[in-house]
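# Examining the three-dimensional arrangement
Now for the letters of each chain:
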Amino acid sequence: MLKIVQAVGIQCDAELLKRCKGFKEDFSENFEITKAFQGKINKVLELEAFIKILLILIWWREQRYNECLSLVRELLDKIVAANRRSLDNYGAILYFYFFRIHEKGNNVAAIREYMLESYNRCCVRLDEIGQVTLLNILLRDYLAHNQIEAAYNLIEKTSFPESKSNNEFCKYLFYTGRVKAVRRDYPDALNRLNQAIRKSPDSAKGFKIQCQKIAIVVELLTGEIPNREIFSDELI
């Protein structure tokens, strides 16, 4: 792993890799990175992106946000310039971590314009996974800063390609359900939140709990009394 990371021109500490989950102490890299292989890595952007994203995830886990941010920016610029659909999934991952790093530093306002421009670019290029990722990022940002009208206008002027990603669609239903609830459109809000609960995977227990809590409040606001079975659910 260390040799492969260094092959893409990044200096990485071996001790850092050893702290990664699943790393085996007795693992030995008994192979050499040839110049021909290194040349292929530098030419094939998909391979370079895959290796660098692995390193970004390691740095993120270690809370080395400055290193993460510089590598994310570098890789995003390359992917945007390449404009290949085979890189769309990598781009979506990078947009997410680009946002999360700034969110950790309470500096999201500085990149909001960039995120909107990136969303428009993804729409023009028919990059659906980029669209849904950035749409959810923008909604999350607006809700975090209580910009409900901005979030509502974004929902009204955009559409979500439901067939692209179930996880992202569940997030979209959750965010839009919260926006509709604040705007007192309780039936639509409740419908969206219940859909998010049903469609989300069983492993997403924290997400289901958040959706259920808000759904209970919205149902009470409609004048209905939630079913008692909801409160006996092991998730609640």
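What comes next concerns the included structure.

Procedures and definitions
Residues numbered from 1 in each chain as written. Predicted model: local features only at pLDDT ≥ 70, side-chain atom pairs only at ≥ 80, totals over all residues. Heavy atoms only, no water. Helix = DSSP H or I, 4+ residues; strand = E, 2+ residues; numbered from the N terminus. Buried < 20%, exposed > 50% of the residue type's maximum accessible area, 1.4 Å probe, protein only. Phe/Tyr/Trp six-rings, centres within 6.5 Å; stacked < 30°, edge-to-face > 60°. Lys NZ or Arg CZ within 6 Å of the ring centre and 35° of its normal. Expected span 1.5 Å × (residues − 1). Arc of directions from axis to C-beta. Salt bridge = Lys/Arg side-chain N within 4 Å of Asp/Glu carboxyl O. Disulfide = S-S within 2.5 Å. Contact = heavy atoms within 4.5 Å.

### Brief notes about unusual backbone geometry
Residues other than glycine seldom take positive phi values, yet N146 does so here, at roughly 55°. If you trace the backbone, N146 turns up in the loop between α8 (128-144) and α9 (148-157). The class for N146 is exposed, based on a relative accessible area of 64%. Unlike most non-glycine residues, R184 shows phi in positive territory, near 65°. On the secondary structure map, R184 appears in the loop between α10 (166-182) and α11 (186-199).

### A closer look at the packing of aromatic side chains
Applying the stated rule across the entire model yields 8 aromatic pairs. Ring centres 5.3 Å apart and planes at 65° place the aromatic pair F98 and Y114 in the edge-to-face group. Here the residue F98 occupies a position in helix α6 (residues 88-104), and Y114 occupies one in helix α7 (residues 112-124), the gap between them amounting to 16 residues. Of the residues examined, Y114 reaches a relative accessible area of 26% and is grouped as partly exposed. Ring centres of F174 and F207 lie 5.6 Å apart, and the angle between their planes is 65°; on these two criteria the pair is classed as edge-to-face. One end of the pair, F174, is in helix α10; the other, F207, is in helix α12 (residues 205-221), and 33 residues separate them in sequence. A relative accessible area of 8% places F174 in the buried class. Aromatic rings pair up to connect W60, Y65, F96 and Y97 into one cluster. Sitting above the plane of the Y152 ring, R183 keeps its charged end 3.6 Å from the centroid.

### A look at α7
Taking 1.5 Å of rise per residue, the 13 residues of α7 would be expected to cover 18 Å, and the 19 Å separating its terminal C-alpha atoms lies within 8% of that figure. Listed in full, the buried residues belonging to α7 are R112, M115, S118, Y119 and C122. All buried residues of α7 project into a common sector of 120° when viewed along the axis, lining one side. α7 presents E113 and V124 as exposed residues on the side facing more than 90 degrees away from its buried surface. Downstream of α7 by a residue or two, L126 has a phi angle that is positive, lying close to 60°.

### Points about the pattern of salt bridges
Taken as a whole and assessed by the stated rule, the structure comprises 15 salt bridges. The partner of E103 in a salt bridge is R100, with the nearest N and O atoms 2.5 Å apart. One end of the pair is E103 and the other is R100, both in helix α6 and 3 residues apart, which spans about a single turn. Here E103 matches R100 in class, with each residue buried. Bridged by salt links that share partners, the residues E48, K52, E74 and K78 form one connected network.

### Observations regarding the state of the cysteines
Formally, a disulfide is one covalent bond, and it connects the sulfur atom of one cysteine to the sulfur atom of another. Inspection of every chain in the model, using the stated rule, returns 0 disulfides. As a non-bridged cysteine, C122 has C123 as the owner of its nearest cysteine sulfur, 7.1 Å distant. Note on C122: relative accessible area 4%, which makes it buried.

### Observations regarding the environment of I214
Checked against the element boundaries, I214 lands in helix α12. Since its relative accessible area comes to 23%, I214 is described here as partly exposed. Spatially, the C-alpha atom of I214 lies 9.5 Å from that of A189, the residues being 25 residues apart in sequence. Here I214 is in contact with F174, R178 and L193, once residues within four sequence places are set aside.

On their own, these measurements won't tell you what the molecule is for.
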